[in-house]
Each structure stands twice: as structure tokens, then as C-alpha cells.
Amino acid sequence: MDITRSSPAPVRVVAVPPEPEPADLTAMPEPIAVEPLQTPPATATTATVTTATTSAITTTATTSATATDVRGRRSRPRPRDLLALLRPGQWVKNLAVVPLALLDTHPWGAAAFLRTGWAVLGFTLASALVYVVNDLADRERDRLHPVKRHRPIASGRVSTLAAVVLTGALALALTGWAVAGPAWQWWPTALYLALSLAYSQGLKHVPLVDAFIVATGFVLRLVQGALLIGAQMSEWLALCVFSLCLMLALGKRRHEMTAAGRAHRPALRGYTLAFLDHLVVLVAVLTAVSYVLYLRDDASLAAGASLVTLLSAPCAVFGLARYLQLLLVEEGGGNPVHVLFRDRATLVNAALWAVLVALALLLPQSPA
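Residues numbered from 1 in each chain as written. Predicted model: local features only at pLDDT ≥ 70, side-chain atom pairs only at ≥ 80, totals over all residues. Heavy atoms only, no water.

Enquirer: Just checking my understanding: could you explain the overall build of the chain for this structure?
Expert: Of the regular secondary structure elements, the chain holds 14 helices and zero strands. Going residue by residue from the N terminus, the α and β elements of the chain occur as α-α-α-α-α-α-α-α-α-α-α-α-α-α. Expressed as a percentage of its 368 residues, the buried residues of the chain come to 36%. A sequence separation of at least 24 residues applies to 75% of the contacts in the chain between residues at least 6 apart. (Helix = DSSP H or I, 4+ residues; strand = E, 2+ residues; numbered from the N terminus. Buried < 20%, exposed > 50% of the residue type's maximum accessible area, 1.4 Å probe, protein only. Contact = heavy atoms within 4.5 Å.)

Rendered as C-alpha cells:
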């Protein structure tokens, strides 16, 4: 044993303090007591601002409610709304149909034009009266339509009382027109008024009957013009007007079905799109045939105007075809008046047709 080697140093034991226990994260900390802060009393300025703000809000709400109430209870509608109720944009129908009676009289004179104007005036008053009565009857249903809900009565711009008063004024004016005109020559206007009132009261809900009544009203316009100017009305011309207006009425029904469905107009439940498409095409063919037969048999055309007449027939057919295109292809045709005055192709075709018809009527007559 080697005693010269030092023995290993004794192991030194050092006491290590124990590790602290991990903190319990689930334990909630003890609440710290904090003395509440003393809120200073509200100054007079703060109280004044608060009171003023509350008063302003109350005043604004009251003013808004009052304005709404005034709008809802307006007793004096604006003249523009009353005029819109009469639908002046639809008066062109009278200007377009009533003077057609002049086609059956030749030569023209000042008396014929004056009597035609008198017939236009009577039908304008009668149609305006019908529009007001119809809007009164349909005001609740029109509120459900995306376009008709903006009408004066349906939108509330014209009250029911104001519309009733306007109806009475129109009835008095129409009575004065009948009394001042030739005796017993106002019966087409009276019959139109009776049919239209029956239409507004329930017949408009009967499929097919609704469209036929509308077309009959235009034939009565033609009859009124012929009666006042003393012309003999052509049966072919009357059939042409009836079938043309029936086509427009059926086209309007089709547009309503595609735009708002069947819920708006009860009569639409008796139609389908395919059924209306067949009817519109059928009536369009009848319109074209009756127009050609009128030109051949009854029109008071000048001698040698057969070529001009032949050229006007394609214009009439093109006009019908263009309307069918707008209705069936472009899903338009809801307002025939807008179609007539806004479609460029229709405007150009109508102008050319009018020139040709005028030439056929005004060419010098050949000696007998």
C-alpha cells in the first residue's frame, strides 16, 4: 500500500434549499381592497349639456314623427301628382286611334278635323276618369307591384279623398262634353265608360275577358271618330284595330307574368307563357291580314297608288315582327307607348309607313 499518496478528499455535502412549489395557475388571486374614488359632484355646466342633449334628441324625434305624419296625411296633393294620376302619357292612344276615321273620308276639311278633335277630347276625359277609378280600386294590389307601387294613390302622394273629388270633376266635365256635342252621338264614349267601369269592378279578373275589353275600347274610339265626322267605318279597319290592340294587351299580360309573377293580377292565373305566346302570334297574323284586306277593299286611296300600298304592307309586317321581338326575345313590351316612342327601329319604320300611306292618300285622283 502506497502511503505516499494522499487519500481522496472527503465528499463535501452542501445543503441545497428546496425548489419552490410551482404556482397554482387555477387559483384566483386575492382581491385587493381599493378605496373607492370620490366622484366629484356634477357641475352646472355638465348638467346643462346633458339636459340640452336630451332635449335636442327629443325635439328631433318629435320633428321627424311630425314630418312623417304630415306626409302621410297630406290633404293637398301637388298638381304634378294629380296630373300623373290622369296618365297623360297614355293620351297618345286617343290621338293615334280616333283620327283613323279620317282614312275613310276624302277629301279632308276643317270641319272633319274639328270634329275629330272633339272626339279625342271626349275620350281623353273618359279614359282619365277610368284611370282614376281603376287606381282607386287597385291601390292595395298596386302596392305589391315593383313598378305600380309608385303610382300617386298607391304611394300615398294623393289621398283617397282627393282622388274621389277628382273623379267627380272629371265626370262633370265629361257630362258637359256630351251635352255640348251632337245629340246622341256620344254613345261610343258612354259604352266605353260602362265597359271600363265594369272592367275595374271585376271583369279585369276574368282571363281573356280582360284583354278583350281593353281591345274593344280602342274600337269604340274609332267608332266615335267615324260617327262625329260622318264617315262610314270600314269593317276591315275595325278588325285591324281590334286585333292590334288585343295583341298589345296580351303582350302586356305576358310582360307582367315575367316581371312580377301571377300574384299581382288575379286574371294571370288563367294564362301561361306558352299560351300567351301562341295567342300573341295568332293575333299578330290576324292584324297583318286585316290590314292588307283593308288596303285592297276599303281604303280611300288615290288612283295609281297600288305600288305605294304594296310598299306599306311590309312596313306593317315589320312593325308587328319588331314588337314580337321586343316581347318574346328581349322580354319587353310592358308599355306599348314606350315601345313606340323609344325604340329606334320602330320609330324609323313608323315614319316610313306614315310617308307611304300619306302618299297613297294624297296623290291626285285620276279623272273618272
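Don't stop here, the text continues.
Enquirer: Which parts of the structure should I look at to understand the packing of helix 4 (residues 110–137) against helix 9 (residues 209–229)?
Expert: The geometry of a pair of packed helices is captured by two quantities: the angle between their axes and the separation between those axes. Direction vectors running N to C along helix 4 and helix 9 enclose 145°, while the axes themselves pass 8 Å from each other. Crossing handedness for the pair helix 4 and helix 9: right-handed. Residue-level inspection shows Ala-112, Arg-115, Thr-116, Trp-118, Ala-119, Phe-123 and Ser-127 of helix 4 in contact with helix 9, the latter providing Gly-217, Leu-220, Arg-221, Gln-224, Gly-225, Leu-228 and Ile-229. Looking at the contact of helix 4 with helix 9 residue by residue, the classes come out as seven nonpolar, five polar and two charged. (Axes fitted to C-alpha atoms, helices over the stretch in contact; angles between N-to-C directions. Left-handed = near helix turned anticlockwise from the far one by under 90°. Nonpolar A, V, L, I, M, F, W, Y, C, P; charged D, E, K, R; others polar.)

Enquirer: For this particular structure, what's the right way to read the packing of helix 4 against helix 7 (residues 160–180)?
Expert: As a packed pair, helix 4 and helix 7 sit with axes 9 Å apart at the nearest point and diverge in direction by 155°. Relative to helix 7, helix 4 is oriented roughly antiparallel. Considering only the axes of helix 4 and helix 7, their crossing is left-handed. Contact with helix 4, carried on its side by Trp-118, Ala-119, Leu-121, Gly-122, Leu-125, Ala-126, Ala-128, Leu-129, Val-132, Val-133 and Leu-136, involves Thr-160, Ala-163, Val-164, Leu-166, Thr-167, Leu-170, Ala-171, Ala-173, Leu-174, Trp-177 and Ala-180 of helix 7 and no other residues of that element. Of the residues assigned to the contact of helix 4 with helix 7, the class counts are 19 nonpolar, three polar and no charged. (Parallel < 35°, antiparallel > 145°, perpendicular 65-115°, else oblique.)

Enquirer: Can you help me understand a nonpolar patch on the surface in this one?
Expert: On the surface, Trp-108, Phe-113 and Leu-362 cluster together into a nonpolar patch covering about 320 Å² of accessible area. Structurally, the position occupied by Phe-113 is in helix 4. (Patch = residues over 30% accessible without salt bridge, like charges linked within 9 Å, V, L, I, M, F, W, Y side chains within 5 Å. Areas by Shrake-Rupley, 256 points an atom, 1.4 Å probe, with all protein chains shown as cover. Salt bridge = Lys/Arg side-chain N within 4 Å of Asp/Glu carboxyl O.)

Enquirer: Where do I start with helix 11 (residues 273–297) in this structure?
Expert: Over its 25 residues, helix 11 extends 36 Å from the first C-alpha to the last, a length consistent with the 36 Å expected when each residue adds 1.5 Å. For helix 11, the full list of buried residues reads Leu-276, Leu-279, Val-280, Val-283, Ala-284, Thr-287, Ser-290, Tyr-291, Leu-293, Tyr-294 and Leu-295. (Expected span 1.5 Å × (residues − 1).)

Enquirer: What exactly am I supposed to notice about the side chain of Arg-253 here?
Expert: With respect to the secondary-structure elements, Arg-253 resides in helix 10 (residues 235–260). Looking at Arg-253, the relative accessible area reads 2%, which means it is buried. Not counting the four nearest positions on each side in its chain, Arg-253 is found in contact with Tyr-199, Asp-210, Ala-211, Val-214, Arg-265, Leu-268 and Leu-276.

Enquirer: Honestly, the nonpolar core in this entry has me stumped. Any pointers?
Expert: Soluble, globular proteins show a tendency: their nonpolar side chains are buried together. Counting 43 residues, the largest nonpolar core has Leu-222, Val-241, Met-247 and Leu-250 as its most contacted members. Counting only elements with at least two residues in this core, the list comes to helix 9, helix 10, helix 11, helix 12 (306–329) and helix 14 (344–362). Considering every element that reaches this core, the biggest residue donor is helix 10, with ten residues. Apart from the residues within four sequence positions on either side, Val-241 is in contact with Val-97, Leu-100, Phe-218, Val-219 and Leu-222. (Core = buried A, V, L, I, M, F, W, Y, C linked by side-chain atoms within 4.5 Å.)

Enquirer: Whenever I open this one, the pattern of salt bridges confuses me. Can you help?
Expert: Oppositely charged side chains may form a pair once their charged atoms are brought near each other. Scanning all chains against the criterion turns up 14 salt bridges. Salt-bridge contacts for Asp-210 lead to Arg-253; the nearest nitrogen and oxygen are separated by 2.8 Å. Remark: Arg-253 occurs in helix 10 and Asp-210 occurs in helix 9; sequence separation between them is 43 residues. Look at the salt bridges and you will find they share partners, linking Arg-87, Asp-135, Asp-142 and Arg-151 into a network.

Enquirer: Looking at this model, I keep getting lost on the confidence of the model for the chain. Mind explaining?
Expert: Atomic detail in the predicted coordinates should be set aside for any region of low pLDDT. Mean pLDDT over the chain works out to 77, with 74% of the residues at or above the 70 mark. Across the chain, element-level confidence peaks in helix 7 with a mean pLDDT of 93 and bottoms out in helix 1 (residues 44–72) with 42. Within the model, the stretch residues 19–74 combines pLDDT values under 50 with three contacts to residues more than four positions away or in other chains. (pLDDT = per-residue confidence, 0-100.)

Enquirer: I would appreciate a short explanation of the side chain of Arg-87 in the present structure.
Expert: Its location among the elements puts Arg-87 in the loop between helix 2 (79–85) and helix 3 (92–97). With a relative accessible area of 18%, Arg-87 lands in the buried category. Apart from the residues lying within four places of it in its own chain, the contact partners of Arg-87 are Tyr-131, Asn-134, Asp-135 and Arg-151.

Enquirer: How should the packing of aromatic side chains be read in this particular structure?
Expert: Think of a pair of aromatic rings as described by two things: how far the centres are apart, and how the planes are tilted against each other in angle. Using the criterion set out here, one finds six aromatic pairs in the structure. With centroids separated by 6.2 Å and ring planes inclined at 25°, the aromatic side chains of Tyr-271 and Phe-275 adopt a geometry described as stacked. Exposure remark for Tyr-271: the relative accessible area of 1% places this residue in the buried category. Note on Tyr-291 and Trp-353: the rings are 6.5 Å apart at their centroids and 50° apart in plane angle, and the pair reads as tilted. Here Tyr-291 is found in helix 11, whereas its partner Trp-353 is found in helix 14, with 62 residues between them in sequence. The positively charged end of Arg-221 is found above the aromatic ring belonging to Phe-218, 4.5 Å away from the centroid. (Phe/Tyr/Trp six-rings, centres within 6.5 Å; stacked < 30°, edge-to-face > 60°. Lys NZ or Arg CZ within 6 Å of the ring centre and 35° of its normal.)

Enquirer: Looking at this model, I keep getting lost on the environment of Ala-154. Mind explaining?
Expert: Along the chain, Ala-154 falls in helix 6 (residues 152–155). Setting aside its immediate chain neighbours within four residues, Ala-154 contacts Arg-139, Asp-142, Arg-143, Lys-148 and Arg-149.

Enquirer: How should the state of the cysteines be read in this particular structure?
Expert: Two cysteines joined by a covalent bond between their sulfur atoms form a disulfide. The full count for this structure, using the stated rule, is zero disulfides. Of all cysteine sulfurs in the structure, the one in Cys-240 sits closest to Cys-245, which takes part in no disulfide; the separation is 9.0 Å. Taking the relative accessible area as the measure of exposure, Cys-245 reaches 8% and is therefore buried. (Disulfide = S-S within 2.5 Å.)

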